[in-house]
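Working through the structure, step by step
Next come the chains, spelled out residue by residue.
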Amino acid sequence: MPVLSDVSKSRLNTCHPDIVAVCQALIQQYDFAVLCGHRGRTEQNKAFAAGTSRLAYPQSAHNKTPSHAVDIAPYPIDWENRARFREMWHRFDAIAKLLRARGEIESEFEWGGEWHALPDYPHIEIKEK
């Protein structure tokens with residue numbers, strides 16, 4: 001069974017409890033790395049300036065405390081294999097729906113891979129109500 005590295009755990013622990021719950025269930029069936037949870041001002045503005053984020057600080061879901069977004073990637077990481085990112089998202093979403101049905105989490109999620117302006121395949125965030 002896959003396990004999260006200490007670095008991935010540290011990053012995940014900066015996230016909203018619902019994200020943590022889904023990721024902890026996901027790792028039991030699918031290997032992935034946590035690339036980013038909470039992002040502070042410097043990190044967010046650097047990502048914005050580089051064009052890897054559409055939002056400047058503090059507008060990103062990554063900037064909330066705890067973070068309402070997580071960036072995860074199938075492990076081992078192959079940035080060109082979009083099918084693996086899509087599979088990871090479908091597994092994440094299925095687990096989230098199950099946990100929500102059980103009353104274990106409340107959040108619904110959206111995947112950055114479905115964004116047309118700037119697809120962000122590792123990005124998953126809580127849908128704002």
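If you're wondering where the values come from, they're calculated on a predicted model, not measured in any experiment. (Residues numbered from 1 in each chain as written. Predicted model: local features only at pLDDT ≥ 70, side-chain atom pairs only at ≥ 80, totals over all residues. Heavy atoms only, no water.)

On to the packing of aromatic side chains, then. Tallied over the full model, the rule gives six aromatic pairs. On the numbers, 5.9 Å between centres and 65° between planes, the contact of tryptophan 111 with tyrosine 121 is edge-to-face. A residue pair is termed long-range when its members are at least 10 positions apart, and tryptophan 111 in strand β3 (residues 109–111) and tyrosine 121 in the loop between β3 and β4 (123–126) qualify at ten residues. In this structure, tryptophan 111 and tyrosine 121 share a single accessibility class: buried. Grouped by ring-pair contacts, the aromatic residues Trp79, Phe85, Trp89, Phe92, Phe109, Trp111 and Tyr121 constitute a single cluster. Just above the ring of tryptophan 115 sits the side chain of arginine 54; from NZ or CZ to the centre is 4.5 Å. (Phe/Tyr/Trp six-rings, centres within 6.5 Å; stacked < 30°, edge-to-face > 60°. Helix = DSSP H or I, 4+ residues; strand = E, 2+ residues; numbered from the N terminus. Buried < 20%, exposed > 50% of the residue type's maximum accessible area, 1.4 Å probe, protein only. Lys NZ or Arg CZ within 6 Å of the ring centre and 35° of its normal.)

With respect to the secondary-structure elements, aspartate 120 resides in the loop between β3 and β4. One buried charged residue, aspartate 120, remains without a salt bridge, the closest side chain of opposite sign being arginine 39 at 5.9 Å. Non-local contacts of aspartate 120, meaning those with residues more than four positions away in its chain, are made with Thr52, Trp111, Gly112, Gly113 and Trp115. (Lys, Arg positive; Asp, Glu negative; His and termini not counted. Salt bridge = Lys/Arg side-chain N within 4 Å of Asp/Glu carboxyl O. Contact = heavy atoms within 4.5 Å.)

Next up on the list: the pairing of strand β1 (residues 32–36). In terms of burial, β1 is largely enclosed, as four of its five residues are buried. Judged from the four bridges that link them, β1 and strand β2 (residues 69–74) form a sheet pairing that is antiparallel. Across the sheet, alanine 33 pairs through a bridge with alanine 73, a residue of β2. (Pairing = 2+ DSSP bridges.)

With that settled, the discussion passes to the nonpolar core. Counting residues in each nonpolar core, the largest one holds 28 residues, and the members touching the most others are Phe32, Ile72, Phe92 and Phe109. Residue contributions to this core peak at seven residues, all from helix α4 (residues 82–101). The residues touching phenylalanine 32, leaving out its near neighbours within four places in the chain, are Leu4, Cys23, Leu26, Ile27, Ile72, Ala73, Pro74, Tyr75 and Met88. (Core = buried A, V, L, I, M, F, W, Y, C linked by side-chain atoms within 4.5 Å.)

Sheet strands associate in pairs through backbone hydrogen bonding, adopting either a parallel or an antiparallel arrangement. On the basis of which strands lie adjacent, the open sheet formed by four strands has the order β1-β2-β4-β3 and antiparallel pairing. Strands with a single pairing partner mark the edges of an open sheet, and in this sheet they are β1 and β3. In this sheet, neighbouring strand axes are inclined to one another by 30° on average, regardless of whether the strands run parallel or antiparallel. Both β2 and β4 contribute to a ladder of three bridges, which runs antiparallel. Within β4, the residue paired with valine 70 across the bridge is isoleucine 124. (Axes fitted to C-alpha atoms, helices over the stretch in contact; angles between N-to-C directions.)

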